[in-house]
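# Notes for the structure review
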Amino acid sequence: PTTSTLFVWSDDSSKILLYNDPFIYCDLENGKIIELNPNSKDEELVSAAFLKGGKKIFYTSVVGEDLLARVYDCTTGERTTTATFPSGYNKALERVPCIALSQSEALCYVYSETGSTSFYRVDTATGKTEKVLGLVTYAGYSPDGRYIAYYTESNYRIIYLFDITV
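A short tour of the structure in this document, coming up. Model, not experiment: these values are computed from the prediction.

### Re the pairing of strand 14 (residues 147-152)
Every second residue of strand 14 is oriented toward a common face, the buried set being I148, Y150 and T152 and the non-buried set Y147, A149 and Y151. Where strand 13 (residues 138-141) lies against strand 14, four bridges are found, and the strand directions are antiparallel. Along strand 14, the bridge assignment pairs Y138 with Y151. Joining the antiparallel neighbours strand 13 and strand 14 is a turn of five residues, in which G145 adopts a positive phi near 75 degrees. Inspection of the sheet shows strand 14 paired to strand 15 (residues 155-163) by five bridges, in the antiparallel sense. In the strand pairing of strand 15, Y150 is matched with Y160. The antiparallel hairpin formed by strand 14 and strand 15 contains two residues in its connecting segment.

This is how it looks when you write it as C-alpha cells:
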C-alpha cells in the first residue's frame, strides 16, 4: 500500500524502489543503489513490493506469455522464481501493483489467457499460489493494506471491498 506512481517504500521507510525498467533499489541507511535488471532481455518487469521487513522484494515480470512471480533478496542479490502464471499478459493491466502481506507472502494481479483478471496470494517460501479474488477490472489497496477496493467490467458503478486478512 506504500506506493505512488513511481516509488515503492519498505514498511520501515528505510528502502525505496524506483518503479521503472530497470527497477532502481536504494537502501537509504547505507546509500547502496542497485539496478534490479531482468534476468534476460526478453523479460519485462511489471510491478513490485517490498516484503515485510524490507530485506526482499516481491515482483512480477513477463517472459513470453507467462507472468512470473519472483523474489529478489536485497542482501545476497539472489533471484528466485516462486510461481509462473500462463497469463496472455496485457500491458494495460500493470497499473495494479503487487502488495506484501508478510515476510513470505504477497498478492499479485494476474491477467489470464481467458481475459479474466484475478488476485493471487503467493507464498514466496513454498511457491504455493491461491486465487483469492477473481473477475476484477480495476483495483486499489487501502492505506493499511487490509482491503482491496475494486469494480468489475459488468458493473463499474458498484465498488466492492475485499478483506485481504480473512
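Structure shown, so let's carry the discussion forward.
### Re the pattern of salt bridges
Taken as a whole and judged by the stated rule, the model has two salt bridges. Measuring nitrogen to oxygen at the nearest pair gives 3.8 Å for the salt bridge that ties R121 to E130. Here R121 falls in the buried class, since its relative accessible area comes to 14%. Using a relative accessible area of 40% as the deciding quantity, one classes E130 as partly exposed.

### A word on the side chain of S10
Looking at the secondary structure, you find S10 in the loop between strand 1 (7-9) and strand 2 (15-18). Exposure remark for S10: the relative accessible area of 1% places this residue in the buried category. Of note is the side chain of S10, whose polar atom sits 2.7 Å from the side chain of D12. Polar side-chain contacts of S10 include one of 3.2 Å to the backbone nitrogen of S14. Leaving out residues up to four positions away in the same chain, S10 has contacts with K15, F50 and G54.

### A look at the environment of A100
Inspection of the secondary structure assignment puts A100 in strand 9 (residues 99-100). Sequence separation between A100 and K52 is 48 residues; the distance between their C-alpha atoms is 6.5 Å. Setting aside its immediate chain neighbours within four residues, A100 contacts A49, F50, L51, K52, E105 and A106.

### Comments concerning the sheet that holds strand 5 (residues 43-50)
Here we have four strands laid out as an open sheet, ordered 5-6-7-8, and antiparallel in their pairing. Strand pairing shows two members of the sheet lacking a second neighbour, strand 5 and strand 8 (79-86), which therefore form its edges. Each strand of the sheet is rotated relative to its neighbour by a mean of 25 degrees, with strand direction disregarded. With eight bridges joining them, strand 6 (residues 56-63) and strand 7 (residues 66-73) adopt antiparallel strand pairing. Across the sheet, residue K56 finds its bridge partner in strand 7, namely D73.

Cut-off values and rules
- Residues numbered from 1 in each chain as written.
- Predicted model: local features only at pLDDT ≥ 70, side-chain atom pairs only at ≥ 80, totals over all residues.
- Heavy atoms only, no water.
- Buried < 20%, exposed > 50% of the residue type's maximum accessible area, 1.4 Å probe, protein only.
- Helix = DSSP H or I, 4+ residues; strand = E, 2+ residues; numbered from the N terminus.
- Pairing = 2+ DSSP bridges.
- Salt bridge = Lys/Arg side-chain N within 4 Å of Asp/Glu carboxyl O.
- Polar contact = N/O pair within 3.5 Å; in protein donor to acceptor, adjacent residues only side chain to side chain.
- Contact = heavy atoms within 4.5 Å.
- Axes fitted to C-alpha atoms, helices over the stretch in contact; angles between N-to-C directions.

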